[in-house]
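Structural overview for review
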Amino acid sequence: MGEIMTTSTLSRMFDSDIGWSFRQSWTARISTLILIALFAAALFAPFLATQNPYDISQLFLLDSELPPAWTDGGDPRYLLGTDQQARDLYSSILYGLRLSLVVGFASVALAAGLGISLGLLGGFMGGMVDGAIMRVADVLLSFPAILVALLVNGVARGILPPEQHADAAIWVMILAIGLTNWVQYARTVRGSTMVERQKEYVQAARINGVSGMGIMIHHILPNVLGPVLVIATINLGMAVLTEATLSFLGVGMPATQPSLGTLIRIGNEYLFSGVWWVVIFPSVVLVILVLAVNLLGDWLRDALNPKLR
Amino acid sequence: MTVLTVENLTVAFPGRNGVVNAIEDVSLSISPGEILGMVGESGAGKSMTGAAIIGLIEPPGRITKGKISLEGNRIDNLSPEAMRRIRGRKIGAIFQDPLTSLNPVLTVGDQLIETIQTHLKLTKPEARARAIDWLRRVGIPAPEARIDTYPHQYSGGMRQRVVIALALCAEPQLVIADEPTTALDVSVQAQIIALLRKLARETGVAVVLVTHDMGVIAETADRVAVMYAGRIVEVGAVAEVLTSPKHPYTAGLMASIPRIGPRPDVLAQIEGAMPRPNARPEGCAFGPRCPHRMEICGQKRPELSGTATKSVACHLTQGVPA
Amino acid sequence: MFGFLIRRIIQSVFVMLAVALIAFMMFRFMGDPVNSLVAENATTEERDAVRERLGLDQPMWVQYGRFVGRAATGDFGLSWRNARPVSTLLAERFPATAELVLVAAGLSLLLGIPLGILTALRPNSISAQSLQFLSLIGISLPTFVTGILLILIFSVWLGWLPSFGRGTVIDIGWWSTGFLTLSGLKALILPSFMLCLFQLTLIMRLVRAEMMEVLRTDYIKFAKARGLTNRSINFRHALKNTLIPVITIFGLQLGGLIAFAIVTETVFQWPGMGALFIQAVSFGDVPVMAAYLVLVSLIFVIINTTVDLLYAVLDPRLRVDTAKSAH
């Protein structure tokens, strides 16, 4: 594990306002703990899992549809039971969690990158460019995110030949979710940019023939970092949910590379035959993940809100 | 008989470091038809006193000592329902900002009629006629037409007139006017003050006029009470208090009013600032800033002494040179 | 007021044209329609003939114009999946989705507003705090998980309610309704409840926040100072001010209900437009996707405009009056 931060930076963070607020809020502490645990589980999935559920050679079909280890008929080798293909549910959940998080983070990164760039562009250039970007943003906002994501998904499927659907699924998902969520970043950054643009140092730079953009970014970023962080956190929860929903609907991650949502879909088909564990356990993990992210986002928003200080 | 008697009123707020008294040992009385001014800086406790009288202290603040009597009957310990019946009917209130005092989605008429019908046993048409009458009395032109209009269709001065009508329409004995002119244009201020004075004389209602503006007091009030750091430091007839203030704080206030005179001077001011409720000094709260400070001022708090019409809380019981 | 309406309509037309453009682009660039209409070994002349017949040799803007013209009459051609007219497919499925969404919307208001008021008036009571906590879980729970849980509890374990289909429906002209039969109504319960949950928590939190804000205003303080009854203050003075923004946000979120219906219809195998759309996305059936997009956009645009108008009706401050104001 690399040294991400020195102890002095950490202690400085801890002593700051945010650190104090963090120590006050038990929801923030628990959420962070849960998230760290989940991230670690996803990161170390290959080490923590008891098998690689996608490697057919590791599956014994006789072991399919086994209930969890602590119930009647359970097998201690398969902690949470197995599905119809004899895949170990515990391992599948770990890998599925990994996928859900990867898609979540990547789409947030895409949305943030896109949104911040467009916000800077619109705010700096103003005029028609800004107008066009804002118009698109408005139209996009008036549609529910899921619809836009589905549409992008559908278009991608139409363009790609069917054989490539499964492999490209993860990229399509990241693209689809990222494209729907950039607006909030854009608006925040645009606002800050427009404020900065009026300032004298920008005019001075322009007179000197230097583009004010570089200096502006230097000034803008510290201001928007807080709000962007809040948006990103809340967005992460939404992204994970959207991915899960798309996968559940059958247009997300395929059964060969299942995310938590796909697992739930697979489990749903066998609900009536009494195989409840394939649905319940991935659902529980998903809900805990999103709940923790939302709680953290809520706390972060209150902590960074200057009006509440 | 007095309309209102307040005796040793103390309002406390529990804070992080213990209990803080917003106002302490406040005593005053008002006679029917009298206009009593209450002046002081922001935070001195004038609005809090008014809120205590009408029973609208924001929780967690509460009255911890003293009593309030209206026409001889105690009102500070009534049940919420009993207090509600008194509000509007016996004690009215006018607040500072006419813009936000009126409900934007109800017509002026609706708000008036409802207030009238809540307290007086009148039918709807009778109440409506009363409402129109009140609008006319406060100087709204064409009241029959305007009664069904909304507050946003009125200007600031007109809105405050409506507010006054609302405060008086249930015919209370006492009205607490908390900074009624502060949010208005200067030209409109004079009109509203004149209106208040006229209505007070006409209806015989007593008025507690809370303000930080000495000019308004001078024009309108009969007596004035000066508050400092949660206590009353001087009470007396307006003319007397203004021309020969007994308390050094009052004297300082008078001196700091800019005057148009032959010699433009440096503006006089009182050094220092009023202490916060949780940082009041021992002895007299004004002591640290007082030009006539004596040894005893830092040790023992001066009590309000004198008559109801003229009293002062100061160890210097002689008059202060103006 | 009239000018406002005209402006909104023009704006809406522009939005629709933009949406139609996207739909048109989808048609043009996804797959080659000619391929599905000619044999594999067709000659170039035959392909050209088909191309000409479909009008694909015309300049882009002409094709777009024709597309818009056809779309305006509801003609989106044939579904690529089952070769039936898209408009017929949508018309068949529309009533199912419409009934579902209407019931869900009604439920969310019927339950959300009173619960929101309760939590606003008694913020520290146990019921209020547990409701707050539940609502936080509500927005974190994926809708399909809730649906599956509902099925698990009420269908699989208790066996009270059906878990798929609409039950028996009755055709009234072009519409098919499930309201008139017992099995139809029973079938509606679980899906509409699932659909309304997200909206319900949203409304509850919104009403709570708005009402608490309103109760802090000066005019409420003044109303208390006038000795008005608590009932009047809470339900007449405060509520009206609270509901105005709530109603408008509710209207704007209505579009979300239509979109979430997609998930609900999938979970409960409800034969509505949403299920149709998912099948189209899965298959890459462009005509259906495009038609759904245009139809839903139209609905959104109508809802948004109606909400704007409603806001003006409800809030007297927004009405442009001819009455003169006094000075």
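Just so we're clear, the structure is a prediction, and the values are computed from it rather than from any experiment.

A few points about the interface of chain B and chain C
Counting residues at the interface gives 31 residues for chain B and 25 residues for chain C. Together chain B and chain C conceal approximately 2,600 Å² of surface at their shared face, both sides included; 59% is due to carbon and sulfur atoms. Between C:Arg236 and B:Glu114 there is a salt bridge, with the nearest N and O atoms lying 2.7 Å from each other. The interface formed by chain B and chain C contains 14 residue pairs in polar contact (both at pLDDT 80 or more). If you list the elements that add at least two residues to the side of chain B that touches chain C, you get strand S6 (91-94), helix H3 (98-101), helix H4 (108-119) and helix H7 (156-168) of chain B. Ranked by the residues each element gives to the side of chain B that touches chain C, the list is headed by H4(B), at six residues. The residue makeup of the side of chain B that touches chain C, split by class, is 14 nonpolar, 11 polar and six charged.

Looking at the sheet that holds strand S7 (residues 174-178) of chain B
Residue and element names in this part refer to chain B. Strand order in the open sheet made by the eight strands is S6-S7-S8-S3-S9-S10-S12-S11, with mixed pairing throughout. Sheet topology places S6 and strand S11 (305-306) at the edges, where each strand pairs with a single neighbour. The pairing of strand S3 (residues 35-39) with strand S8 (residues 206-210) spans four bridges and is classified as parallel. The residue bridging Gly37 from the neighbouring strand is Leu209, located in S8. In the packing of helix H11 (residues 248-255) onto the sheet, contacts are made with strand S9 (223-228) and strand S10 (231-237), and the angle to S9 comes to roughly 105°.

Let's talk about the interface of chain A and chain C
Residue-level contacts link 33 residues of chain A with 34 residues of chain C. For the chain A and chain C pair, buried surface summed over both sides reaches about 3,100 Å², with 84% attributable to carbon and sulfur atoms. The interface formed by chain A and chain C holds zero salt bridges in total. Of all the elements in the fold, those that place two or more residues in the side of chain A that touches chain C are helix H7 (145-159), helix H11 (213-249), helix H12 (260-268) and helix H13 (277-304) of chain A. In terms of residue count, H13(A) provides more of the side of chain A that touches chain C than any other element does, 10 residues in total. Taken together, the residues that form the side of chain A that touches chain C break down as 23 nonpolar, eight polar and two charged.

Observations concerning the pairing of strand S1 (residues 4-15) of chain B
All names here are of chain B. Relative to strand S4 (residues 62-70), S1 runs antiparallel, the two sharing seven bridges. Residue Thr10 lies in a different strand from S4, and its bridge partner there is Lys65. Looking at chain direction, S1 and strand S2 (residues 18-30) are connected through nine bridges and run antiparallel. Considered in S2, the bridge of Leu4 is made with Ile30. Counted between consecutive antiparallel strands, the loop separating S1 from S2 contains two residues.

Some details on the confidence of the model for chain C
Residues and elements named next belong to chain C. Looking at chain C as a whole, the pLDDT averages 80, with 90% of positions reaching at least 70. In the model of chain C, helix H2 (residues 33-37) stands out as the element of lowest mean pLDDT, 58, in contrast to helix H9 (residues 218-225), which has the highest, 91. Scoring of the predicted complex yields 0.75 for pTM and 0.85 for ipTM.

Topic: the nonpolar core
Membership of the largest hydrophobic core comes to 159 residues, with the highest contact counts inside it found for A:Leu97, A:Leu150, C:Phe144 and C:Phe277. By size, the runner-up hydrophobic cluster in this structure holds 95 residues, among which are B:Val39, B:Phe95, B:Ile116 and B:Ala200.

As for a nonpolar patch on the surface
A cluster of nonpolar residues, C:Phe2, C:Ile6, C:Ile9, C:Ile10, C:Val13, C:Phe14 and C:Leu17, forms a patch on the protein surface that exposes about 700 Å² of accessible area. Examined against the element boundaries, C:Ile10 turns out to sit in helix H1 (residues 2-29).

A look at the pattern of salt bridges
Residues and elements named next belong to chain B. One pass over the structure, following the stated rule, counts 21 salt bridges over all chains. Here Arg231 and Glu24 are joined by a salt bridge, their closest N and O atoms 3.8 Å apart. Taken together, the residues Arg231 in strand S10 and Glu24 in strand S2 connect sequence positions 207 residues apart. When its relative accessible area of 15% is taken as the criterion, Glu24 is described as buried. One salt bridge in this structure joins Glu202 and Lys198, with 3.5 Å as the shortest N-O distance. You can see Glu202 and its partner Lys198 sitting in helix H8 (residues 186-203), four residues apart, about one turn around the helix. By relative accessible area, Glu202 is classed as partly exposed at 45%. The network of salt bridges with common partners includes Glu24, Asp25, Lys65, Arg231 and Arg280.

Considering the packing of aromatic side chains
With the rule as written, the count across this model stands at nine aromatic pairs over all chains. Aromatic side chains C:Phe198 and C:Phe260 sit 5.6 Å apart centroid to centroid with 35° between the ring planes, which places their arrangement in the tilted category. One end of the pair, C:Phe198, is in helix H8 (residues 182-215); the other, C:Phe260, is in helix H10 (residues 230-268), and 62 residues separate them in sequence. On the numbers, 4.2 Å between centres and 20° between planes, the contact of C:Phe277 with C:Tyr292 is stacked. Residue C:Phe277 is located in helix H11 (residues 273-283), and its partner C:Tyr292 is located in helix H12 (residues 286-314); the two are separated by 15 residues in the primary sequence. The burial state of C:Phe277 is the same as that of C:Tyr292; both residues are buried. Here a set of aromatic residues connected by ring pairs shows up, and it is made of B:Tyr228, B:Tyr249 and B:Phe286.

Here we look at the sheet that holds S4(B)
All names here are of chain B. Across the sheet, four strands lie side by side as S2-S1-S4-S5; this open sheet has antiparallel pairing. The open sheet has two free edges, formed respectively by S2 and strand S5 (73-74), since each of these has just one partner strand. Helix-sheet contacts for helix H1 (residues 46-54) involve S1, S2 and S4, and the interaxial angle to S1 is about 110°.

Comments concerning the side chain of C:Ser12
Residues and elements named next belong to chain C. As for its placement among the helices and strands, Ser12 is situated in helix H1. Given the relative accessible area of 10%, Ser12 is considered buried. With near-sequence residues (within four places) excluded, Ser12 lies in contact with Val301 and Thr305.

What to know about the environment of C:Thr44
Within the secondary structure layout, C:Thr44 lies in helix H3 (residues 44-54). A C-alpha to C-alpha distance of 49 Å links C:Thr44 and C:Val101, two positions 57 residues apart in sequence.

Some details on the pairing of S4(B)
Residues and elements named next belong to chain B. Strand direction decides the pairing type here: S4 and S5, joined by two bridges, are antiparallel. When the bridges of S5 are listed, Ser69 appears paired with Arg74. Linking S4 to S5, which pair antiparallel, is a turn of two residues; within it Glu71 sits at a positive phi near 50°.

Observations regarding the side chain of B:His247
All names here are of chain B. Looking at where His247 falls in the secondary structure, it is placed in the loop between helix H10 (238-243) and H11. A relative accessible area of 1% places His247 in the buried class. When near neighbours in sequence (up to four residues on either side) are disregarded, His247 contacts Val233, Glu234, Phe286, Val312, Ala313 and Cys314.

Side note on unusual backbone geometry
All names here are of chain B. Residue Pro60 follows Pro59 across a cis peptide bond; omega there is 10°. Mapping Pro60 onto the fold places it in the loop between H1 and S4. Backbone geometry places Glu71, a non-glycine residue, at a positive phi of 50°. By the secondary structure assignment, Glu71 is in the loop between S4 and S5. The class for Glu71 is partly exposed, based on a relative accessible area of 28%. In the Ramachandran plot, Glu179 falls in the positive-phi region, its phi being about 50° despite a non-glycine side chain. Relative to the assigned elements, Glu179 resides in the loop between S7 and H8.

Rules used in this analysis
Residues numbered from 1 in each chain as written. Chains lettered and ligands numbered in written order. Predicted model: local features only at pLDDT ≥ 70, side-chain atom pairs only at ≥ 80, totals over all residues. Heavy atoms only, no water. Contact = heavy atoms within 4.5 Å. Buried area = accessible area lost by both parts, 1.4 Å probe. Salt bridge = Lys/Arg side-chain N within 4 Å of Asp/Glu carboxyl O. Polar contact = N/O pair within 3.5 Å; in protein donor to acceptor, adjacent residues only side chain to side chain. Helix = DSSP H or I, 4+ residues; strand = E, 2+ residues; numbered from the N terminus. Nonpolar A, V, L, I, M, F, W, Y, C, P; charged D, E, K, R; others polar. Pairing = 2+ DSSP bridges. Axes fitted to C-alpha atoms, helices over the stretch in contact; angles between N-to-C directions. pLDDT = per-residue confidence, 0-100. Core = buried A, V, L, I, M, F, W, Y, C linked by side-chain atoms within 4.5 Å. Buried < 20%, exposed > 50% of the residue type's maximum accessible area, 1.4 Å probe, protein only. Patch = residues over 30% accessible without salt bridge, like charges linked within 9 Å, V, L, I, M, F, W, Y side chains within 5 Å. Areas by Shrake-Rupley, 256 points an atom, 1.4 Å probe, with all protein chains shown as cover. Phe/Tyr/Trp six-rings, centres within 6.5 Å; stacked < 30°, edge-to-face > 60°.

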